[in-house]
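These are the residues of each chain, in order.
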Amino acid sequence: MQALDGTMTLIETVRSRRQRLAELIDFPVVLWSGSTSSRNFPANTFPFRASSHFLYFAGLPLENAAIQLEHGKITLFMDQPSPASALWHGESATPEAIAEMMGADVVYPLSELQTFAAGCATIPVQDARTSQQQTQVLNRVITNELQGRDRELAEAIITLRLTHDGAALVELRKAAAISVQAHKAGMAATRTAKTEADVRAAMEAVMIAHNATPAYSSIVTVHGEVLHNDRYHHPLHAGDLLLADVGAEVGSGWAADITRTWAVSGKFSPTQRAIYEVVLASHDACIAAMYPGVEYRDIHLLACRVIAEGLVDLGILQGEPADLVDMDAHALFFPHGVGHLLGLDVHDMEDLGDVAGYATGRTRSDRFGLGYLRLDRPLQVGMLVTIEPGFYQVPAILNDPSRREKYRNVVNWERLTDFSDVRGIRIEDDVLITETGTDVLTQDLPTAIADIELLIQPRNT
Ligand code: GLY
Ligand code: MN
């Protein structure tokens, strides 16, 4: 990792990133910030979020702007704000002032971009309007199947963004701290909350109060078996577990991603406690095994093995844990990967597909227990990843006749019914790889049941 002091100014930080890019590639690049889309009439738009690649090198969340990078030099392209914009949105900084903030010597209107575009590589943006501009300006079709210089650019950006500089870590720590506070607020709110929505509101209120936003659609649900549940209408009942996967994004774009699962009543039942301890053992074993050079895939397999061991001890699975993992029996209850890269995106750089998550020459497995592994690279100092093992009773998996048949002899289906009050448990932390092991950015949020129960407090009903 290139060490950058977190106290560096914005200009110093983005200059250093651009210089490092110039050391990796010798051709010019254009990166667009993107634009927002309208919801129903043109002026009613979805919230804008600048492209992460643009943010990384420009440092400012501009809308409808582009930067051209060549040999470490940056040129900004954006239009003067219209009089209507000043009327509806207030005065904004001039393009010249913005150029100065990011260390650009010159700024041109967007209409000039085409004259600088010859031979430029780019990364596709997500919105249709900018995507059209990219095709027009570069005079070629830009697709997600990155080829030639675009692919080389993507690989260079991945090299830089895989490990975080000091300035990024300052922002990532802020996002983590806000998210920790949001989870504590969610736990405290559970005492009087009537629905999932009440808890979500308490959690997101903390972000809003810090001028942050959710980094992804918050998951706050008593149906934790729905991995990315985005509904919040269920009432909370005393016997339920509540799974909250909620993380903040700070104004500079850097994100956090935390999951905790707690008992609505404030007290885990014996069966909830038993499974929670299995998931927690898996989470702790993974973090303890993480060092520079260790393969993330091996951390995933370790998570699977500890879950298999725990389920054998509880009488849910039968057999040797290593054999159970080899046959993917753990995936009946833990069907996803143990985590992913985290940075400017909650699943960092997944807009580039598996080019970011998978080292050169590696591809996704089609095994049931490995297909959702999002990261298959050796750990490096400065890399930030999530560790998020879980246990779920997903009807679509457990009631699938072919899986029932395949795993007939290794699952004690009758014993499993004793755990019907456990629909889904996940425990997720954000883990920075350091020279000596790890620094868990979200460690101020407890994972132990006793500590979590203290934060929830019993309900009156
Ligand atoms: N926070 C959601 C996920 O990691 O998929
Ligand atoms: Mn995650």
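Structure: above.
Predicted, not measured: the structure shown is a model, and the values here were computed from it. Counting from 1, residues in each chain are numbered in the order their sequence is written. Each chain takes a letter, starting from A, and each ligand takes a number, starting from 1, following the order in which they are written. With the structure being a predicted model, the display of local features is reserved for residues of pLDDT at least 70 and the display and counting of side-chain atom pairs for 80 or more, all residues being used for whole-chain, interface and lining totals. With hydrogens and water excluded, all non-hydrogen atoms of the structure serve as input to the side-chain values.

A.B. asks: Is there a simple way to explain the coordination of the manganese ion (ligand 2) in this structure?
C.D. replies: Each donor-metal-donor angle in an ideal tetrahedron of four donors is 109.5 degrees, and each such angle in an ideal octahedron of six donors is either 90 or 180 degrees. Looking at the manganese ion (ligand 2), the protein donor atoms are Asp 257 (OD), His 340 (NE2), Glu 388 (OE) and Glu 428 (OE), and they sit 2.1 to 2.3 Å from it. Each metal's donors are the N, O and S atoms within 2.8 Å of it, or within 3.2 Å when it is Na, K or Ca, and because water is not part of the set, sites may look incomplete. Sequence positions of the residues that donate to the manganese ion (ligand 2) give the spacing D-x82-H-x47-E-x39-E. In this pair, Asp 257 is assigned in the loop between β8 (248-249) and β9 (258-263) and Glu 388 in the loop between β10 (384-387) and β11 (390-392), connecting sequence segments 131 residues apart. One exposure class covers both Asp 257 and Glu 388, and it is buried. The helix and strand labels rest on DSSP assignments: H or I over at least four residues marks a helix, E over at least two residues marks a strand, and numbering proceeds from the N terminus. Per-residue accessibility, obtained with a 1.4 Å probe over protein chains only, is compared with the maximum for each type, and a residue is labelled buried under 20%, exposed over 50%, and partly exposed between these values.

A.B. asks: I keep staring at the site of ligand 1 and nothing clicks. Help me out?
C.D. replies: Working definition: residue near molecule or strand if any one of its non-hydrogen atoms lies within 4 Å of it. As a structural note, the neighbourhood of ligand 1 is formed by Tyr 216, His 228, Asp 245, Asp 257, His 340, His 347 and Glu 388. For this analysis, a polar contact is any N or O atom pair within 3.5 Å, provided that within protein one partner can donate a hydrogen and the other can accept it, and provided that sequence-adjacent residues contribute only side-chain to side-chain pairs. Within the side chain of His 347, a nitrogen or oxygen atom sits 2.9 Å from an oxygen atom of ligand 1. Relative to its free-state accessible area of 200 Å², ligand 1 is covered by the protein chains to the extent of 92%. Gly is placed with the polar residues, together with every amino acid not listed as nonpolar (Ala, Val, Leu, Ile, Met, Phe, Trp, Tyr, Cys and Pro) or charged (Asp, Glu, Lys and Arg). Class assignment of the residues belonging to the shell around ligand 1 gives a composition of 1 nonpolar, 3 polar and 3 charged. Accessible surface is estimated by sampling points in the Shrake-Rupley manner with a 1.4 Å probe; for residues, cover comes only from the protein chains shown.

A.B. asks: Just to check I follow, could you spell out the pairing of strand β3 (residues 73-77) for this structure?
C.D. replies: In summary, the side chains of a regular strand alternate between the two faces of the sheet. With 4 of 5 residues buried, β3 lies mostly within the body of the structure. Two strands make a pair as long as DSSP finds a minimum of two bridges between them. In this sheet, β3 lies alongside strand β2 (residues 66-70) in antiparallel orientation, the contact comprising 5 bridges. From the neighbouring strand, Gln 68 faces β3, where its bridge partner is Thr 75. Counted between consecutive antiparallel strands, the loop separating β2 from β3 contains 2 residues, among which His 71 sits at a positive phi close to 50°.

A.B. asks: In this structure, what is going on with the packing of helix α7 (residues 166-190) against helix α16 (residues 449-456)? I would like to understand it.
C.D. replies: The packing of two helices is summarised by the inter-axis angle and the distance between the axes. Whenever a helix is involved, its axis is fitted only over the stretch in contact; in every case the axis is a line through C-alpha atoms, and angles between N-to-C directions fall within 0 to 180 degrees. Running from N to C, α7 and α16 cross one another at 65°; their axes reach a closest spacing of 7 Å. Contact residues: α7 offers Lys 184, Met 187, Ala 188 and Thr 190, while α16 offers Ile 452, Leu 455 and Ile 456. Contacts are assigned to residue pairs that have any heavy atoms within 4.5 Å of one another.

A.B. asks: Explain the sheet that holds strand β4 (residues 106-108) to me, please; I cannot follow it from the model alone.
C.D. replies: Strand pairing in a sheet relies on backbone hydrogen bonds, with the paired strands running either antiparallel or parallel. Spatially, the 4 strands line up as an open sheet ordered β1-β2-β3-β4, and their pairing is mixed. For this open sheet the edge positions go to β1 (29-32) and β4, each flanked by a neighbour on one side alone. Here the strands of the sheet are splayed against their neighbours by 25° on average, with no regard to which way each runs.

A.B. asks: Looking at this structure, I do not really get the side chain of Gln 134. What am I missing?
C.D. replies: Mapped onto the elements, Gln 134 comes out in helix α5 (residues 128-138). Beyond its immediate chain neighbours, meaning those up to four positions away, Gln 134 contacts Trp 32, Thr 122, Ile 123, Pro 124, Val 125, Asn 139 and Ile 142.

A.B. asks: Could you clarify how one ought to interpret the sheet that holds strand β6 (residues 219-221) in this entry?
C.D. replies: Strand order in the open sheet formed by 3 strands is β6-β7-β9, with antiparallel pairing between adjacent strands. The two strands at the open ends of the sheet, each matched to only one other strand, are β6 and β9. Taken over all neighbouring pairs, the strand axes of this sheet differ in orientation by 10° on average, direction set aside. As paired strands, strand β7 (residues 241-246) and β9 are joined by 6 bridges and run antiparallel to one another. When the sheet's bridge partners are listed, Leu 241 is paired in β9 with Ala 263.

A.B. asks: Even after reading the chapter, I still don't get helix α4 (residues 95-102), so can you show me in this structure?
C.D. replies: For the α-helix, the turn length of 3.6 residues means that residues three or four positions removed from each other point alike. Among the residues of α4, Pro 95, Ile 98, Ala 99 and Met 102 are the ones counted as buried. Summarising the axial view, the buried residues of α4 lie within an arc of 105°, below the 170-degree limit, and thus occupy one face. As for α4, its buried residues are in contact with α1 (10-24), α2 (52-58), β2, β3 and β4. Just downstream of α4, Gly 103 is the residue with a positive phi angle, here 85°. Read the arc as the range of directions from the helix axis to the C-beta atoms.

A.B. asks: In this structure, what is going on with the pattern of salt bridges? I would like to understand it.
C.D. replies: Side-chain pairs of opposite charge can arise where the charged atoms are in close proximity. By convention in these notes, a salt bridge is any Lys or Arg side-chain nitrogen within 4 Å of a carboxyl oxygen on Asp or Glu. Counted under the stated rule, the structure contains 25 salt bridges. Among the ionic pairs, Asp 328 bridges to Arg 367, the shortest N-O distance being 2.8 Å. Placement of the pair is Asp 328 in the loop between α11 (321-326) and α12 (354-357) and Arg 367 in the loop between α12 and β10, with a sequence separation of 39 residues. Residue Asp 328 is classed as buried on the basis of its relative accessible area, which comes to 6%. The residue Arg 403 makes a salt bridge to Asp 400 at a minimum N-O spacing of 3.8 Å. Residue Arg 403 is classed as partly exposed on the basis of its relative accessible area, which comes to 24%.

A.B. asks: Help me understand the nonpolar core, please; the structure alone is not making it clear to me.
C.D. replies: Burial of nonpolar side chains together is a common tendency in soluble globular proteins. Ile 67, Leu 76, Met 102, Leu 153, Ile 275 and Phe 333 are the most contacted members of the largest nonpolar core, which has 138 residues in total. The element best represented in this core is α7, accounting for 9 residues. Note on terminology: a nonpolar core comprises buried Ala, Val, Leu, Ile, Met, Phe, Trp, Tyr and Cys residues joined through side-chain atoms within 4.5 Å. One finds Leu 113, Cys 120, Val 125 and Leu 138 within the second-largest nonpolar core, a separate group that totals 12 residues.

A.B. asks: Which parts of the structure should I look at to understand the side chain of Glu 249?
C.D. replies: Along the chain, Glu 249 turns up in strand β8. Polar side-chain contacts of Glu 249 include one of 2.7 Å to the side chain of Arg 49. For Glu 249, the residues in contact, after removing those within four places along its chain, are Arg 49, Ala 212, Thr 213, Pro 214, Ala 215, Trp 254, Ala 255 and Leu 344.

A.B. asks: For this particular structure, what's the right way to read unusual backbone geometry?
C.D. replies: Even without being glycine, His 71 reaches a positive phi, approximately 50°. For His 71, the location among the structural elements is in the loop between β2 and β3. For His 71, a relative accessible area of 57% translates into the label exposed. At Asp 328, a position not held by glycine, the phi torsion is positive, near 65°.

A.B. asks: Would you explain the environment of Asn 40 in this entry?
C.D. replies: Inspection of the secondary structure puts Asn 40 in the loop between β1 and α2. Given a relative accessible area of 60%, Asn 40 falls into the exposed group. Taking C-alpha positions, Asn 40 is 32 Å from His 223, a pair spaced 183 residues apart along the chain. Only 2.9 Å separates the side chain of Asn 40 from the side chain of Asn 44, close enough to count as a polar contact.

A.B. asks: Any chance you could explain the packing of aromatic side chains here in plain terms?
C.D. replies: Two descriptors summarise a pair of aromatic rings, namely the distance from one centre to the other and the angle between the planes of the rings. Classification of ring pairs uses Phe, Tyr and Trp, with its six-membered ring standing for Trp, and accepts pairs whose centres are within 6.5 Å; under 30 degrees between planes counts as stacked, over 60 as edge-to-face, and the remaining range as tilted. Under the criterion given, the structure shown has 7 aromatic pairs. Measuring from ring centre to ring centre gives 5.2 Å for Phe 333 and Phe 391, while their planes differ by 5°; the resulting arrangement is stacked. In this pair, Phe 333 sits in the loop between α11 and α12 while Phe 391 sits in strand β11, placing the two residues 58 residues apart along the sequence. For the pair shown, Phe 333 and Phe 391 are each scored as buried. What links up through ring pairs into an aromatic cluster is the set Tyr 56, Phe 57 and Trp 254. Placement of a charge over a ring requires the Lys NZ or Arg CZ to be within 6 Å of the ring centre, with the centre-to-atom vector within 35 degrees of the ring normal. Lying over the aromatic face of Tyr 56, Arg 17 brings its terminal NZ or CZ to 4.3 Å of the ring centre. When the ring centre of Trp 413 is taken as origin, the NZ or CZ atom of Arg 404, which lies over that ring, is 3.7 Å away.

That is the geometry; function is a separate question.
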